[in-house]
Amino acid sequence: MARFDLTIKIGGEGGEGVISAGDFLTEAAARSGYEVVNFKSFPAEIKGGYAQSTVRISDEKLYSTGDAFDILCCFNGEAYFFNKKHLREGTVLVYDSSDFEPEEHKGVILYPVPLSELAKDVMKAYITKNVIALGVLCGLFDIPSQSIRDSIKARFVRKGEEVISLNYKALELGINYVRENLKKADPYKFPSPRQPKDVVIMEGNQAVAKGAIVAGCKFYAAYPITPATTVGNYIVEDLIKVGGWLYQAEDEIASLGMAIGASFAGVKSMTATSGPGLSLMTEFLSYAGMTETPVVIVDVQRTGPATGMPTKHEQGDLFHAVYGGHGEIPRAVLAPINVEESFYLTVEAFNLAEKYQIPVILLTDASLSLRAEAFPTPKIENIRIENRWIYRKEEDPEGRFKKAGRFLRFALFTEDGITPVGIPGDPEAIHAITGLEHQENSDPRNRPDIRTWQMEKRMNKLEKLLREDAERFYEFDMPYSKADVGVITWGLTGSVTKEAIERLRSKGIKINALYMKLLWPIRKDLIEGFVNSCERIAIPETNWSGQLAKILKAEVGIDAVSFCIYRGEPMIPKEVEDFIDYLINNPEMSAGRLTPSDIYGEKSYGII
Amino acid sequence: MDIKLKPADYRSDIEPTWCPGCGHFGVIAALTKAFSELGLPPENIVSVSGIGCSSRAPLFMKNYSVHTLHGRAIPVAVGIKLANPELTVLVETGDGDMFSIGAGHNPHAARRNIDITVICMDNQIYGLTKNQISPTSREGLYGSLTPYGSIDPPLNPIATMLAYGSTFVAQTYAGNPKHMAYIFEEAIRHKGFSFVNVLSPCPTFNKVDTFKYYKNKTKDINEMGHDPADYEKALELAFHDLDHYYNPDAPVPIGIFYKGIKETYDERMRRVRERYTASGIPTVQELIDACKPKAI
Ligand SMILES: Cc1ncc(C[n+]2csc(CCOP(=O)(O)OP(=O)(O)O)c2C)c(N)n1
Ligand code: SF4
Ligand SMILES: [Mg+2]
């Protein structure tokens, strides 16, 4: 268990610097050598609306931003309103006393600071409010103000010395305000710095962008959609510097088409979107499978259906990613549980796409996209990069891949179904690709024998994937030979579950866990092995149907109890904990679906 | 290329599946002639198409071919061109493919002056799906879904592409092989987005816009003195003087309506790249390390 574990939440109006204040705290933690996770959420509105940034700092690996907070810093009354139910005995509330006064809260430690007044009247610059607040936090909790200064400088370097010194002054103002007006009444203290680790801080979508660069992506087709747009924002300049290009397409149909075109021309390519865009891409997804064109599609899931809640979390596109599209194609679906994995699984998405010449879908989500984490700096030389098999005449002295002068792009004689691609410019590999069923030399054919064999060629590539590349995407945590409950999770819910499991185990509950990072294709034997180690299976998911549970039922035949939350916010560890406790108290339940109402009472949406 | 390839050398060994008398035959004959005249190595040509009778064309030719989805040839062609600007990229499409389902892509590839050549085989009908009206069908045309005779005014492809900013816009006719080959050559040679509308009759389903109808009706606008540099006049010609879409008795214009000089997208892309890499190209590790929390 961690000796040190502190969560600071800042809330206020979008545009007031809530997010950058959280970013600066995150950097302070990383510079001081601590583990840090930061979860941000923006309002859907362009201006105004409630924004928050929750920063959790610990001396041990962190999986989530926890259940609530220790310190709440409210820039306005709205932030207080949204969070007041989490004010417990011993929590700290720092608030803008020029905006509101809180109600009576037993045992809550209050630090009123007239943030707006100080910004307006003393600083004569309302925009410095967030930095004044940071000064207050530095003064109260020993947060190293030098680190905040470093962050200010890095952030505003382009805006010039004047802006930097204005913000330094605001920081001092906050620190001095504490010294002159407040008396420390709480036990919270930022830990003293330890040896800083070699880390990077990335947001989820930034990690996807960096992973793509590492994988060798050179073409990115974009169509703006929340919450996927920032993948493009993050990648565009890196891509240009390494000789690639980001093209803003006219729609998502075009973006996947362009990515497929670029891939046909021999370049690793990708696109990123969210649910509505994935729907538009589905015809081309089918085409990529049919033509065996490597391509990576990132779906930063948001709350559906239709336009849903564009800035909000959900794990609702799993069915679409796994089964979506007309006809049947080979594909792989990956899903990271945290930011670090967003980076590495993006590289893996390209590797699988290249090796098997298939479309690969990477499923992340709105909350993961905005989560920032400090994690060990990836070292390029340790990262394996896979490239597609490109036809070279010198490697084919007997001309196996040629017949009657034609290149056999879709040759049927390789054991694993993988055949070399020809890249335009090579006179030896001239060929066509077509969405029509085709024979070995690409000519369209309707014959039942050819159809059968080409289907088998395409689909059987996944058999090889299952043999050679699936196991590393199953993270088993199985300390018990027979656990009371086995939890299977995916995506962001996986990292929340990790924390819940630590707590459950410390209460003596025997619990095994499986974190699935590869959602398709499925290694039946690995799932069965896990299931056999547990009395019952529990699958928490933030969707209505319990999509992973249903897929595992269909593909492996296992029964599980689903816990489904579909409110647009991720689960918190306590909810997963309560779900498992509920199962322990209801030993007869081994299949079915639970919602917050079953656990917390009618009309519940959970305990956030 | 030491020896110039003959037009036949650009033909694949697949026999076209088109109906006898289909205009599309002439199109690939003229296109392969243009390839031959230009001395293009087949391995550097990529023919991209959508779905339709016309969109089968790439499969009948010896070059890299991408037979995509209905209406989606242009995006795929754009991706190919940007990934490798050295390639000669063509789109071989139909009036339905390009101006109905795929119409949303045209303005963007055109205005951005992507250096591809789009050849639309315009038979004013949906051939492959067996006789439905297309966006270029004239009013009154009987299609299987408009047994009463179409009540839709047609779209004018030349005017549309001129308005979208296509830097090369021409029309030619499948019954005039020489003119077709000449126009294709000019279109491919043009640096920038080129659009060629080919009046390519479908004798099976369109009983109005036939070879017989076009015979002696086409007028070469360039021979008549039209200067392709004159954009205003090109619009005028497309919209009024020679608009046979609205006036069936008007002569049918063929020739180059417009040819303008404008920097291509890939040239502009290259300039941006140069700007970004002027002070050196970072290593991938450096791009990762940029995410470390910097101490100042
Ligand atoms: C998404 C989709 N919708 C419909 C079709 C059916 N379809 C195939 S070709 C075609 C029309 C082709 O017309 P055009 O482009 O004018 O080509 P033509 O056959 O006349 O040469 C249609 C509607 C399809 N293949 N895909
Ligand atoms: S249906 Fe019409 S367009 Fe299609 S091949 Fe036959 S004649 Fe040509
Ligand atoms: Mg047509």
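Residues numbered from 1 in each chain as written. Chains lettered and ligands numbered in written order. Predicted model: local features only at pLDDT ≥ 70, side-chain atom pairs only at ≥ 80, totals over all residues. Heavy atoms only, no water.

Caption draft 1: Spotlight on the site of ligand 2. Close to ligand 2 lie Trp18, Cys19, Cys22, His24, Cys53, Asn123, Cys202, Pro203, Thr204 and Phe205 of chain B. When the residues that make up the shell around ligand 2 are grouped by side-chain class, the tally is seven nonpolar, three polar and no charged. (Near = heavy atom within 4 Å. Nonpolar A, V, L, I, M, F, W, Y, C, P; charged D, E, K, R; others polar.)

Caption draft 2: Focus on the coordination of the magnesium ion (ligand 3). All names here are of chain B. Around the magnesium ion (ligand 3), the donor atoms from the protein are Asp95 (OD), Asn123 (OD1) and Ile125 (O), and they sit 2.1 to 2.2 Å away. Sequence spacing of the donor residues for the magnesium ion (ligand 3), all on one chain, is D-x27-N-x1-I. Taken together, the positions of Asp95 in helix H3 (residues 95-101) and Ile125 in the loop between strand S4 (117-122) and helix H5 (157-164) put the pair 30 residues apart, joining distant regions of the chain. Take Asp95 and Ile125: they sit in the same class, and that class is buried. (Donors = N, O, S within 2.8 Å, 3.2 Å for Na, K, Ca; no water. Helix = DSSP H or I, 4+ residues; strand = E, 2+ residues; numbered from the N terminus. Buried < 20%, exposed > 50% of the residue type's maximum accessible area, 1.4 Å probe, protein only.)

Caption draft 3: Spatial organisation of the sheet that holds strand S13 (residues 359-365) of chain A. All names here are of chain A. If you walk across this open sheet you meet the seven strands as S9-S8-S10-S11-S13-S12-S21, and the pairing is mixed. Of all the strands in the sheet, the pair left with one neighbour each is strand S9 (245-248) and strand S21 (518-520). On average, each strand axis in the sheet is inclined to that of its neighbour by 25°, with strand direction left out of account. The pairing of strand S10 (residues 269-273) with strand S11 (residues 295-301) spans four bridges and is parallel. By the bridge assignment, Thr273 is partnered in S11 with Asp299. (Pairing = 2+ DSSP bridges. Axes fitted to C-alpha atoms, helices over the stretch in contact; angles between N-to-C directions.)

Caption draft 4: How the structure looks around the interface of chain B and chain A. Each side of the interface is counted separately: chain B has 50 residues, and chain A has 63 residues. Here chain B meets chain A over a buried area of about 4,700 Å², counting both sides, of which 68% is carbon and sulfur. The interface formed by chain B and chain A holds two salt bridges in total. We note a salt bridge from Asp13 of chain B to Arg406 of chain A, for which the minimum N-O separation is 2.6 Å. One can count 23 residue pairs in polar contact (both at pLDDT 80 or more) joining chain B with chain A. (Contact = heavy atoms within 4.5 Å. Buried area = accessible area lost by both parts, 1.4 Å probe. Salt bridge = Lys/Arg side-chain N within 4 Å of Asp/Glu carboxyl O. Polar contact = N/O pair within 3.5 Å; in protein donor to acceptor, adjacent residues only side chain to side chain.)

Caption draft 5: Region of the structure containing the environment of Ser49 of chain B. Residue and element names in this part refer to chain B. Along the chain, the position of Ser49 falls in strand S1 (residues 45-49). Accessibility expressed as a relative area gives 0% for Ser49, which makes it buried. Each C-alpha atom of the pair Ser49 and Glu92 lies 5.0 Å from the other, and the pair is 43 residues apart in sequence. Setting aside residues no more than four positions away along its own chain, Ser49 makes contact with Ser55, Pro58, Val66, His67, Thr68, Ala73 and Glu92.

Caption draft 6: View of the packing of helix H9 (residues 252-264) of chain A against helix H2 (residues 73-83) of chain B. At a minimum axis separation of 6 Å, H9 of chain A and H2 of chain B run at an interaxial angle of 45°. As far as their axial angle goes, H2 of chain B and H9 of chain A are oblique. The way H9 of chain A lies across H2 of chain B gives a crossing that is right-handed. Along its contact with H9 of chain A, which presents Ala254, Gly257, Met258, Gly261, Ala262 and Phe264 of chain A, the element H2 of chain B presents Pro75, Val76, Val78, Gly79, Ile80 and Ala83 of chain B. Its residues placed into classes, the contact of H9 of chain A with H2 of chain B shows nine nonpolar, three polar and no charged. (Parallel < 35°, antiparallel > 145°, perpendicular 65-115°, else oblique. Left-handed = near helix turned anticlockwise from the far one by under 90°.)

Caption draft 7: Representation of unusual backbone geometry within the structure. Residue and element names in this part refer to chain A. Following Thr226, the chain continues into Pro227 via a peptide bond in cis, with omega recorded as 0°. Within the element layout of this structure, Pro227 appears in the loop between strand S8 (219-222) and helix H8 (229-241). A cis amide bond links Gly304 to the next residue, Pro305, at an omega of -5°. Inspection of the secondary structure puts Pro305 in the loop between S11 and helix H11 (318-323). At Ala306, a position not held by glycine, the phi torsion is positive, near 50°. Mapped onto the elements of the fold, Ala306 is located in the loop between S11 and H11. Look at Ala404: it is not a glycine, yet its phi comes out positive at around 50°. Mapping Ala404 onto the fold places it in the loop between strand S15 (402-403) and strand S16 (406-407).

Caption draft 8: Molecular detail of the site of ligand 1. All names here are of chain B. Residues in close proximity to ligand 1 total 18 residues, the closest being Cys53, Ser54, Asp95, Gly96 and Asp97. Contacts to ligand 1 include His24, whose side-chain N or O atom sits 3.2 Å from an oxygen atom. Within the side chain of Ser54, an N or O atom sits 2.7 Å from an oxygen atom of ligand 1. Protein burial of ligand 1: of its 600 Å² of free accessible surface, 77% is covered by the chains. Residue contributions to the shell around ligand 1 peak at four residues, all from H3. Residue composition of the shell around ligand 1, by class: six nonpolar, nine polar and three charged. (Areas by Shrake-Rupley, 256 points an atom, 1.4 Å probe, with all protein chains shown as cover.)

Caption draft 9: How the structure looks around the confidence of the model for chain B. The share of residues in chain B with pLDDT of 70 or more is 96%, and the mean pLDDT across the chain is 95. Overall fold confidence for the complex sits at a pTM of 0.97, while the interface term, ipTM, reaches 0.98. (pLDDT = per-residue confidence, 0-100.)

Caption draft 10: Seen up close, the pairing of strand S6 (residues 194-199) of chain B. All names here are of chain B. Taken across its six residues, S6 has six buried, putting it largely inside the fold. Judged from the six bridges that link them, S4 and S6 form a sheet pairing that is parallel. Each bridged residue has a counterpart across the sheet, and for Thr117 the counterpart in S6 is Ser194. Pairing geometry for strand S5 (residues 168-173) and S6, over six bridges, is parallel. The residue bridging Thr172 from the neighbouring strand is Val198, located in S6. Following the backbone out of S5, through helix H6 (residues 177-189) and into the adjacent parallel S6, one traces a crossover that is right-handed. (Right-handed = clockwise from strand over helix to strand, strands pointing away.)

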